[in-house]
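# What the coordinates show
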Amino acid sequence: MMEAEDYDAIRQRVEERFRQRSAFYTHLAVYTLVNIVLWVVYGLTTGMAWQLAARIPIDGLYSFLTIPWPLLIMGVWGIGLVAHGLNYYIRYGGGAIRREMAIQREIEREIALNTAYEKPKNDMRLTDDGEFEVTEVEPQWTMKRKHE
């Protein structure tokens, strides 16, 4: 049966994982909605760029005003969104599972390097007529540290 402390610790870890996943999905939703609004604003105001460029005689102003500036915002914010997603993946997703498996393999490797199995010795005796007699003894494998 599971102890109450174990249950509470497991519940806290699971709740934290759900909070982090929810935070990522919220970040993704806000990113999507804000960028849709920015592209709509860009689409509505790009048509007015020629009027502004006609009133202000600056060379290259029209081409500057028609640059798709929402791309810049999407790119910079997208880097943060990808970082947020990778953070979740490494801490709680498949990255955490892979990391745990790699750590477990290394622990087993370290144990194997630091300990050796000692093969049991055969219990052989000479009989009265000079032949070897093997006694049937259940082999017992013992672990012994290599450095002892």
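As a reminder, the structure under discussion sits directly above these lines.
Right, let's walk through the structure included here. Source: prediction; values computed, not measured.

Rules used in this analysis
Residues numbered from 1 in each chain as written. Predicted model: local features only at pLDDT ≥ 70, side-chain atom pairs only at ≥ 80, totals over all residues. Heavy atoms only, no water. Salt bridge = Lys/Arg side-chain N within 4 Å of Asp/Glu carboxyl O. Helix = DSSP H or I, 4+ residues; strand = E, 2+ residues; numbered from the N terminus. Buried < 20%, exposed > 50% of the residue type's maximum accessible area, 1.4 Å probe, protein only. Phe/Tyr/Trp six-rings, centres within 6.5 Å; stacked < 30°, edge-to-face > 60°. Expected span 1.5 Å × (residues − 1).

## A few points about the pattern of salt bridges
Following the criterion strictly, the structure yields 3 salt bridges and no others. A salt bridge links Glu 15 to Arg 11, with the shortest nitrogen-to-oxygen separation between them at 3.0 Å. With Glu 15 and Arg 11 both in helix H1 (residues 4–46), this residue pair falls 4 residues apart, about one helical turn. Given the relative accessible area of 32%, Glu 15 is considered partly exposed. Residue classification places Arg 11 among the partly exposed positions, given a relative accessible area of 44%. One salt bridge connects Arg 109 with Glu 106, and the closest N-O pair in it is separated by 3.4 Å. With Arg 109 and Glu 106 both in helix H5 (residues 94–114) and 3 residues apart, the pair spans about one turn of that helix. Residue classification places Glu 106 among the partly exposed residues on the basis of a relative accessible area of 45%.

## Structural notes on the packing of aromatic side chains
Applying the stated criterion to the full structure yields 5 aromatic pairs. Arranged with centres 5.6 Å apart and planes meeting at 85°, the rings of Trp 39 and Tyr 42 form a pair that is edge-to-face. Of this pair, Trp 39 and Tyr 42 both sit in helix H1, 3 residues apart, which is roughly one turn of the helix. Classification of Tyr 42 as buried rests on a relative accessible area of 12%. Ring centres of Tyr 88 and Tyr 92 lie 5.6 Å apart, and the angle between their planes is 40°; this geometry places the pair in the tilted category. On the accessibility criterion, Tyr 92 (22% relative accessible area) is partly exposed. Among the aromatic residues, those joined into a ring-pair cluster are Trp 39, Tyr 42 and Trp 69.

## Things to note about H1
Compared with an ideal rise of 1.5 Å per residue, which puts 43 residues at 63 Å, H1 spans 62 Å between its outermost C-alpha atoms and is within 8% of the ideal. For H1, every residue scored as buried is listed here: Phe 24, Tyr 31, Asn 35, Leu 38, Tyr 42 and Thr 46.

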